[in-house]
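Take a look at the letters that make up each chain.
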Amino acid sequence: QVQLQESGPGLVKPSQTLSLTCTVSGDSITTNNYYWSWIRQPPGKGLEWIGYIGYAGSTGYTPSLKNRTSISRDTSKNQFTLQLSSVTPEDSAVYYCARSVYISNDLSDMEYWGRGTLVTVSS
């Protein structure tokens, strides 16, 4: 029933800002006790949790990326967004959005996932 879908440009130039949107259907992103995360998987590497936004608007980020990361939401559109600034080729990855019922960076807590979208950082 709950579906998440990532969207945004597939190619971003170095030093620019990567912007992605997750569109949620089947439930509201403001529903109590739901938390909405961004995760990525660079080529040849494992999954990396980026951060989350909670049902009441709270946010949290992995320390390695928090200075470049902003997660926000548009409740009228039932969407939440990822902005990652000053990107380099090392930011190239498949980016996923996901939902959990806890504030968590444990990927096993994610109940629903989008199918992912590939973003390449290249000039």
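These numbers come from a predicted model, not from an experiment.

Of note, E6 is situated in strand β1 (residues 3-7). A distance of 3.4 Å separates the side chain of E6 from the backbone nitrogen of R115, its partner in a polar contact. Excluding residues that lie within four positions of it along the chain, E6 makes contacts with T21, C22, W38, Y95, Y96, C97, G114, R115, G116 and T117.

On to the packing of aromatic side chains, then. Overall, the coordinates contain seven aromatic pairs when judged by the stated rule. With a centroid separation of 6.5 Å and 25° between ring planes, the pair formed by W49 and Y52 is classed as stacked. Exposure remark for W49: the relative accessible area of 13% places this residue in the buried category. Here Y96 and W113 contribute two aromatic rings whose centre-to-centre distance is 5.8 Å and whose plane-to-plane angle is 80°, an arrangement assigned as edge-to-face. Separated by 17 residues along the polypeptide, Y96 in strand β9 (residues 93-100) and W113 in strand β10 (residues 112-113) bring together distant segments of the chain. By relative accessible area, Y96 is classed as buried at 17%. Residue class for W113 comes out partly exposed when judged on its relative accessible area of 32%. One aromatic cluster in this structure is built from Y34, W36, W38 and F80. A cation over an aromatic ring shows up here: R99 above the ring of Y34, its NZ or CZ 3.8 Å from the ring centre.

Glancing now at the sheet that holds strand β3 (residues 18-25). Pairing is antiparallel across the open sheet formed by four strands, whose spatial order is β1-β3-β8-β7. A single partner strand is all that each edge strand has here, and the edge strands are β1 and β7 (69-74). When strand polarity is set aside, the average angle formed by the axes of neighbouring strands in this sheet is 20°. As paired strands, β7 and strand β8 (residues 79-84) are joined by six bridges and run antiparallel to one another. In the sheet register, R73 faces β8, and the bridge partner there is F80.

On to the pattern of salt bridges, then. Evaluation of the coordinates by the stated rule reveals five salt bridges. Residue R40 pairs with E48 through a salt bridge whose shortest N-O separation is 2.7 Å. Among the residues examined, E48 registers a relative accessible area of 24% and is labelled partly exposed. Here D91 makes a salt bridge to R68, at a shortest N to O gap of 3.1 Å. With D91 in the loop between β8 and β9 and R68 in the loop between β6 (59-61) and β7, this residue pair connects regions lying 23 residues apart in the sequence. For R68, a relative accessible area of 23% corresponds to the partly exposed category. One salt-bridge network, held together by shared partners, links R40, E48, R68 and D91.

What follows is about the state of the cysteines. All chains considered together, the criterion is met by one disulfide. In this model C22 forms its disulfide with C97; the gap between the sulfur atoms is 2.1 Å. In this structure the cystine formed by C22 and C97 twists about its S-S bond by roughly 70°; its chirality is therefore right-handed. One end of the pair, C22, is in strand β3; the other, C97, is in strand β9, and 75 residues separate them in sequence. As far as the burial class goes, C22 and C97 line up, both buried.

Calculation rules
- Numbers given for residues are sequential positions, taken from 1 along each chain in its written order.
- Local features in this predicted model are restricted to residues whose pLDDT is 70 or higher, and side-chain atom pairs enter the listing and the counts only when it is 80 or higher, whereas totals over whole chains, interfaces and linings include all residues.
- The side-chain values count all of the structure's non-hydrogen atoms but skip hydrogen atoms and water molecules.
- A run of H or I in DSSP counts as a helix once it spans at least four residues, and a run of E counts as a strand once it spans at least two, with each numbered from the N terminus.
- Polar contacts, as used here, are pairs of N or O atoms within 3.5 Å; protein pairs need one atom able to donate a hydrogen and one able to accept it. Residues neighboring in sequence count only if both atoms are side-chain atoms.
- Whether two residues are in contact is decided by their heavy atoms, any of which lying within 4.5 Å being enough.
- Only the six-membered ring of Trp is used, alongside the rings of Phe and Tyr, when aromatic pairs are assigned; centres must lie within 6.5 Å, and planes under 30 degrees apart are stacked while those over 60 apart are edge-to-face, with the rest tilted.
- Three labels apply to residues, based on accessible area from a 1.4 Å probe with only protein chains included: buried if under 20% of the type maximum, exposed if over 50%, partly exposed otherwise in between.
- Any Lys NZ or Arg CZ that is within 6 Å of a ring centre and within 35 degrees of that ring's normal is treated as a charge sitting over the ring.
- In short, DSSP must find at least two bridges between two strands for them to pair.
- Simply put, an axis is a line fit to the C-alpha atoms, just over the touching stretch for a helix, and the angle between two N-to-C directions goes from 0 to 180 degrees.
- Throughout this description, the term salt bridge denotes a Lys or Arg side-chain nitrogen within 4 Å of a carboxyl oxygen of Asp or Glu.
- Put simply, a disulfide is two cysteine sulfurs that come within 2.5 Å.

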